[in-house]
Amino acid sequence: MPPNVTPPSPDPILDLRILATSDMHGHIGGCSETTGWAFVSNTLASLTAESENHFLFDNGDFLQGTPICDLMAFGALGPAQNHPAIGVMNGLGYDAVGLGNHEFDYGLKFLREALSKATFPVLCSNLETQQDAWERDLILKKNVVDSSGEAHPLSIGVFSLVPPQVMDWCRVHLEDKAQAFEFQETAIERITSLKSRGADLVFALCHAGDVATNSGGSKSPLASEITSIPGLDLVICGHTHHLSPKQGERNLLFRAPRHSDSGAVPMVLPSDRGRHVGCIDLKLQKTEHGWIWVQADCRNIDVSEEADPSILELAAPWIARAQQAVATPIGHSEIAISTHFSAIQCDPATRLAAAAKLRAAKPLLHELGYKDLPIVAAASPFRAGHDGPTCYTSVPAGPTTRRQLYDIYPYFNAIDAFEVTGAQILDWLEASVSVFFQMVPGQPDQPLWNRQFPTYEFDSLLGLTYDIDLSKPAAYTPDRRPSAQATGNRIGNLRLDGAILDPETRLILVSNAYRGGGGGGFPHLSSRNRISLPFRDVRVSVQELLEQGLAEHDLPPPSWQFTALPETSATFETGSDAANFIPDALANRLTDLGETPQGFRKYRLSLDR
């Protein structure tokens, strides 16, 4: 953003570099990865060599996201106290690390054990338990050197915020065991405390996005909730996996030395999995108010293309054992399971996820007395291009391994269930299909998918059938707010067991804890209509279906199709190996338009059936 305050007086006396990672999700850099801590390590070495005065922080979500993390949580690779992610982070020398919501995915006992060997301070300011393994805040003291070589003591106060929605997302682990507090009240409390204890500057590790997106849900808090609080000097963002400032961009901020609070707060959001390192270069000046920053240069640095062999060597025993574990055969599938064509059909991976949820939920619901209500399942394509042209589920028919299980369902995720009406289902589906652009009938090659929506925010409802009329405008904006342009429903011919769904009909919607906790900002899912279920991991149910031998008849029928639009076509992008997974039912309506500069494969879909 452009500077809107008075430029600083000349010759600030201290240069301070703040480096940050976020949402590493356990990616070390082995197993043919091209991102992770091994690549971050070389980047950090060059950035710290350029600046004698530096701090390194991580903003959370570091213990979940890879097979190694899952296998550690299940005890398959050794005790949690020897977690390789913690060992790698110890080696990199973080000054402080904040907790993200995914740190709580495996329960408090595992988290405490995993953190027990951390040599860096761990922070979480707005979630309390009876036995915390983290601190509320801390003051880092370091002697820093000015341009003339003179040393000065500097005290940096740091606190950390996790989305309070973690109480819903990880309800099975946190209910009655933890209490979460809102961002603003916690930030005011921590900033006041840190300043009173002598902090020259105060930094926030805020596990939230810097701008409103629907990733994580419209209910999730934003870093902007705390940036206007007096006394806050810098914010490191995360959670949304976005990049801000974007590649090649930088934000340069100024404020006059006489103003310790000017409203301009340096911020950086360094994407995820170690693809970038956030970097904020501060120029500090000593004033009558103490040390304040007078210039801030915020940017993100692409990580090195070379992995640090010392990091790979440190993690080698766990990587080797994990590679052996994920290569283990677990079952068989008679059908190919992919997400390459999720944008134009209810794909097999989505249908399998729905089948797993129904398999786990139905017995539990029947035990609770819900025997007469229809049950439908919501599922979305997890890996369908949101992280690039290789980010697609690609499991051919035949024997399946544990690695392919993780490809199909990457996340440790609990089922969740809600009692809803037919009218709420219709509104809920309108929110889901808002991911598509509006089509002008009779026009060729119109873009289909609005990339402001992540693919994992497009749910299909299995157990119902419905048509999607793309000639109608979307009912919801990308941040899941009702659109002013909406005129009529995109969803038509909505049927349950062959009959038009009555708005008053009561149903049970089975989803997952992420969606139930507000992820994606879908309407009509809340604690008020939630059905409390015992914990069941969706992926365990997926594995059971593969173990018994998966066949087409084990999956719910596809639930939706596009309404025919004469002489109209849409274009969409998919993975480079999409030709291996073209659905038979749509083959004669598809035209291969070649590869895009980004490495995707582009197709045309005829909407004239």
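Here is what the cut-offs are and how they apply
- Residues numbered from 1 in each chain as written.
- Predicted model: local features only at pLDDT ≥ 70, side-chain atom pairs only at ≥ 80, totals over all residues.
- Heavy atoms only, no water.
- Helix = DSSP H or I, 4+ residues; strand = E, 2+ residues; numbered from the N terminus.
- Rg over C-alpha atoms; globule rule 2.2 N^0.38 Å.
- Buried < 20%, exposed > 50% of the residue type's maximum accessible area, 1.4 Å probe, protein only.
- Pairing = 2+ DSSP bridges.
- Contact = heavy atoms within 4.5 Å.
- Axes fitted to C-alpha atoms, helices over the stretch in contact; angles between N-to-C directions.
- Expected span 1.5 Å × (residues − 1).
- Phe/Tyr/Trp six-rings, centres within 6.5 Å; stacked < 30°, edge-to-face > 60°.
- Core = buried A, V, L, I, M, F, W, Y, C linked by side-chain atoms within 4.5 Å.
- 1 Å grid on protein atoms, 1.4 Å probe; cavity = no way out; pocket = protein on both sides within 12 Å on 5 of 7 lines; lining within 4 Å.
- Points joined across faces, edges and corners; volume = space filled by probe spheres on them.
- Nonpolar A, V, L, I, M, F, W, Y, C, P; charged D, E, K, R; others polar.
- Parallel < 35°, antiparallel > 145°, perpendicular 65-115°, else oblique.
- Left-handed = near helix turned anticlockwise from the far one by under 90°.
- pLDDT = per-residue confidence, 0-100.
- Polar contact = N/O pair within 3.5 Å; in protein donor to acceptor, adjacent residues only side chain to side chain.
- Disulfide = S-S within 2.5 Å.

(A) Just the overall build of the protein chain, in detail. Scanning the protein chain from terminus to terminus reveals 13 helices and 32 strands. For 609 residues, the compact-globule estimate of 2.2 N^0.38 gives 25 Å, and the protein chain sits close to it at 25 Å. Projecting the C-alpha coordinates of the protein chain onto the three principal axes gives extents of approximately 80 × 55 × 50 Å. Burial status across the protein chain gives 59% buried among its 609 residues.

(B) Here's a closer look at helix α13 (residues 538–547). Across the ten residues that make up α13, a large majority, seven, are buried. Taken together, the buried positions of α13 are Val538, Arg539, Ser541, Val542, Gln543, Leu545 and Leu546. Trailing α13 by a residue or two, Gly549 shows a phi angle of about 95°, which is positive.

(C) Expanded view of the sheet that holds strand β7 (residues 151–161). Across the sheet, which stays open at both edges, the six strands sit in the order β6-β7-β9-β10-β13-β11 with mixed pairing between neighbours. Taken across any chain shown, the strands that pair with only one partner, and hence form the sheet edges, are β6 (137–145) and β11 (243–244). Bridge count between strand β10 (residues 234–236) and strand β13 (residues 267–270): two bridges; the pairing is parallel. Counted as the bridge partner of Val235 is Met267 from β13. Helix α7 (residues 183–196) rests against β6, β7 and β9 (201–206) of the sheet, and its axis sits at about 155° to β7.

(D) Quick peek at helix α1 (residues 37–49). In this model, α1 (13 residues) spans 18 Å end to end at C-alpha, consistent with the 18 Å of a helix rising 1.5 Å per residue. Those residues of α1 that fall on the buried side of the exposure criterion are Trp37, Ala38, Phe39, Val40, Ser41, Thr43, Leu44 and Leu47. Turning to α1, the residues buried within the fold contact β1 (14–21), β2 (54–58), α3 (84–92), β14 (276–287), β15 (290–302) and α8 (309–326).

(E) Spotlight on the packing of aromatic side chains. In total, this model carries 23 aromatic pairs according to the counting rule given. Seen from their ring centres, Trp169 and Tyr514 are 6.2 Å apart, and the 35° between their planes marks the pair as tilted. Highlighted residues: Trp169 in helix α5 (residues 166–169) and Tyr514 in helix α12 (residues 513–516), separated in sequence by 345 residues. Residue classification places Trp169 among the buried positions, given a relative accessible area of 10%. An aromatic cluster is present here, built from Phe74, Tyr106, Phe110, Phe412 and Phe535 joined pairwise through their rings.

(F) Just the nonpolar core, in detail. Counting 83 residues, the largest nonpolar core has Ile344, Ile425, Phe436, Leu448 and Phe562 as its most contacted members. Among the elements that take part in this core, helix α9 (residues 348–367) stands out by supplying eleven residues, more than any other.

(G) Main features of empty space enclosed by the protein. Under the criterion given, the structure shown has four cavities of 30 Å³ or more. Empty space within the largest cavity amounts to approximately 90 Å³. Considering the residues around the largest cavity, the lining is formed by 13 residues, among which Ala343, Ala384, Tyr392, Arg451 and Glu573 are closest to the centre. Tallied by class, the residues present in the lining of the largest cavity amount to six nonpolar, five polar and two charged. Approximately 40 Å³ is the volume attributed to the second largest cavity. Together, Ser342, Gln345, Cys346, Asp347, Thr350, Ala379, Pro381, Phe458, Ser460 and Trp560 line the second largest cavity. When its residues are assigned to classes, the lining of the second largest cavity shows five nonpolar, four polar and one charged.

(H) Structural view of the sheet that holds β2. The strand order across the open sheet formed by seven strands is β4-β3-β2-β1-β14-β15-β12, and the pairing between neighbours is mixed. For this open sheet the edge positions go to β4 (122–123) and β12 (250–254), each flanked by a neighbour on one side alone. Note that β2 and strand β3 (residues 96–98) share two bridges and pair parallel. Bridge pairing in β3 places Phe57 opposite Ala96.

(I) Broad picture of the packing of α3 against α8. Taken N-terminus to C-terminus, the directions of α3 and α8 make an angle of 165°; their axes are 10 Å apart at the nearest point. Classified by the angle between their axes, α3 and α8 sit roughly antiparallel to one another. The interaxial crossing formed by α3 with α8 has right-handed handedness. Packed against α3, whose contacting residues are Pro84, Gly87, Val88 and Leu92, the element α8 presents Ile311, Leu314, Ala315 and Trp318 at the interface. Classifying every residue of the contact of α3 with α8 gives seven nonpolar, one polar and no charged.

(J) Structural context of the confidence of the model for the protein chain. For the protein chain, the average pLDDT comes to 91, and 95% of its residues sit at 70 or higher. Confidence drops under a pLDDT of 50 for residues 1–10, and excluding neighbours within four residues, the segment shows 21 contacts in the predicted structure.

(K) Spatial organisation of the side chain of Thr186. Along the chain, the position of Thr186 falls in helix α7. There is a polar contact of 2.9 Å between the side chain of Thr186 and the backbone oxygen of Glu182.

(L) Just the state of the cysteines, in detail. Summed over the entire model, instances satisfying the criterion amount to zero disulfides. Cys279 takes part in no disulfide bond, and the closest cysteine sulfur, belonging to Cys298, lies 8.9 Å away.

(M) Region of interest: the packing of α9 against α13. At their nearest, the axes of α9 and α13 sit 8 Å apart, and the two run at 105° to each other. Here α13 runs roughly perpendicular to α9, going by the angle between their axes. Contacts between α9 and α13 involve Leu352, Ala353, Ala355, Ala356, Lys357, Arg359 and Ala360 on the former and, on the latter, Val538, Ser541, Val542, Glu544 and Leu545.

(N) Highlighting unusual backbone geometry. With omega at -5°, the peptide bond leading from Ser244 into Pro245 counts as cis. Here the phi dihedral of Asp497 falls at roughly 50°; this positive angle occurs in a residue that is not glycine. Summarising the element assignment, Asp497 is placed in the loop between β25 (491–496) and β26 (499–500). In this model, His524 sits at a positive phi of 70°, which is unusual for a non-glycine residue. Locating His524 in the fold gives a position in the loop between α12 and β28 (530–531).

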